[in-house]
Amino acid sequence: MKLALYLPNFRNMVTVKELEDLTSLAEELDFDSVWTLDRIVVPEVSDHQGLQYPFGKIDEFPHALPVSSRGQWFQGWPLIPWLAAKTSKVRIGMSITDTPFRAPGVLAAELATVDHLSNGRLNVGVGAGWMPEEFAAASASHIYPKRHKHVRETIEIMQGTWTNDLFEYHGEFADFDRCGFGWKPVQKPHPPIFIAGLNDPAIASSRISKYGLAGWIGIQDTPDKVRQWRGAIQQELEKLGSSHSIDDLEIGSMIWYTITDQESDQTPRGRASNLLVGTAAQVTDNLKRLREAGLNLLLIWPPFADVPVSKTIDDLKRLKEEIMPKVEAV
């Protein structure tokens with residue numbers, strides 16, 4: 001199981017120094033990767049649980065974001081080149097880049113540049129987004145009904161510009177004749193692409209299969225959910241006659257994490273379950289179950305509020321030095 005840090009750039013209060021300290025620790029502990037979070041805005045109605053949909057369109061979550069509209073947080077995308085400069089070993093990426101907020105050709109060209117800035121350490125995560133209020137703030141409301149098509153076209157344009165000297169594309173969201181986009185990425189044939197999947201295994205699975213993506217990233221996935229997604233992806237691979245199997249892919253999930261002194265309630269509540277929030281023993285047991293279910297990329301997600309970064313730093317050290325050896329020994 002690869003360990004990744006889901007950098008808490010989105011929380012009620014965070015400083016650049018805290019992000020820097022966490023990133024340095026991830027390098028020191030030999031984490032596989034560091035990811036940022038893509039969040040354009042927090043609507044004020046979220047403070048009163050007034051969003052049109054629950055968080056992530058996930059029924060177990062409230063109609064609100066876990067961060068106040070007056071919170072002091074940072075955008076995820078500008079942190080990516082910063083991470084390239086601040087690190088030398090860990091891979092970097094944003095989980096997940098909501099493509100409807102970006103022009104596909106511009107995003108593809110910028111990502112290729114970042115792959116050079118990081119000397120070939122870029123992971124690319126893409127998804128459709130879910131919050132109409134955020135689409136409005138990003139001037140993309142007109143794309144919301146067709147956001148999944150935007151993701152497909154973005155993947156095709158990224159792969160096309162990254163693997164051809166000249167490339168043309170004629171779609172709904174991008175329409176251009178043969179162009180050069182500058183340097184191709186360092187990684188060949190291109191940086192690994194991950195797809196987000198929160199609700200519909202069939203959609204994500206078909207994209208992984210069709211475009212030969214590197215993997216899938218979910219959120220707060222229980223062992224049963226991990227097995228469900230793995231099964232759905234494997235079925236799509238077989239349906240399309242792919243030479244890849246599920247074991248060739250990275251199956252990841254962003255999971256909230258903090259070690260507590262007292263045992264937490266472990267009652268199953270779907271994605272709202274306390275998977276990695278609990279005592280060290282509870283976290284160890286749940287990590288063993290997730291690993292047995294086939295989760296091989298764990299994105300550790302620090303709390304949104306109330307837990308200081310200094311506590312998260314200690315918890316990350318315990319994870320690497322105390323908990324993971326027991327998990328990997330199974």
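Refer to the structure above for everything that follows.
Asker: Just to check I follow, could you spell out the layout of surface pockets for this structure?
Answerer: Empty space among the atoms becomes apparent when a probe as large as a water molecule is rolled across them. By volume, the largest pocket is sized at about 570 Å³. Looking at the largest pocket, it is lined by 31 residues, and the ones nearest its centre are Ala128, Gly129, Trp130, Ala196 and Leu198. Of all the secondary structure elements, the ones that give two or more residues to the lining of the largest pocket are helix H5 (147–163), strand E8 (193–196), helix H6 (201–211) and strand E9 (215–219). For the lining of the largest pocket, the class distribution of residues is 17 nonpolar, seven polar and seven charged. Put simply, the second largest pocket is a space of about 200 Å³. Taken together, Thr222, Pro223, Asp224, Gln266, Pro268, Arg269, Gly270, Ser273, Asn274, Leu275, Asn286 and Arg289 make up the lining of the second largest pocket. Of all the secondary structure elements, the ones that give two or more residues to the lining of the second largest pocket are helix H7 (223–239) and helix H8 (280–293). Of the residues assigned to the lining of the second largest pocket, the class counts are three nonpolar, six polar and three charged.

Asker: Would you mind showing me how to read empty space enclosed by the protein here?
Answerer: All chains considered together, the criterion is met by two cavities of 30 Å³ or more. Estimated volume of the largest cavity: approximately 60 Å³. Surrounding the largest cavity, Trp77, Ile80, Gly93, Met94, Thr97, Leu107, Leu111, Leu122, Asn123, Val124 and Gly125 form its lining. The set of elements that each furnish at least two residues to the lining of the largest cavity consists of strand E3 (91–94), helix H3 (104–117) and strand E5 (124–127). Residues of the lining of the largest cavity, tallied by class, amount to seven nonpolar, four polar and no charged. Of the volumes computed, that of the second largest cavity is approximately 30 Å³. Looking at the second largest cavity, the residues that line it are Ala108, Ala109, Ala112, Thr161, Trp162, Phe181, Gly182, Trp183 and Lys184. For the lining of the second largest cavity, the elements supplying multiple residues, two or more each, are H3 and H5. Broken down by element, the lining of the second largest cavity gets its largest block of residues, three residues, from H3. For the lining of the second largest cavity, the residue count by class is six nonpolar, two polar and one charged.

Basis of the calculations
- Residues numbered from 1 in each chain as written.
- Predicted model: local features only at pLDDT ≥ 70, side-chain atom pairs only at ≥ 80, totals over all residues.
- Heavy atoms only, no water.
- 1 Å grid on protein atoms, 1.4 Å probe; cavity = no way out; pocket = protein on both sides within 12 Å on 5 of 7 lines; lining within 4 Å.
- Points joined across faces, edges and corners; volume = space filled by probe spheres on them.
- Helix = DSSP H or I, 4+ residues; strand = E, 2+ residues; numbered from the N terminus.
- Nonpolar A, V, L, I, M, F, W, Y, C, P; charged D, E, K, R; others polar.

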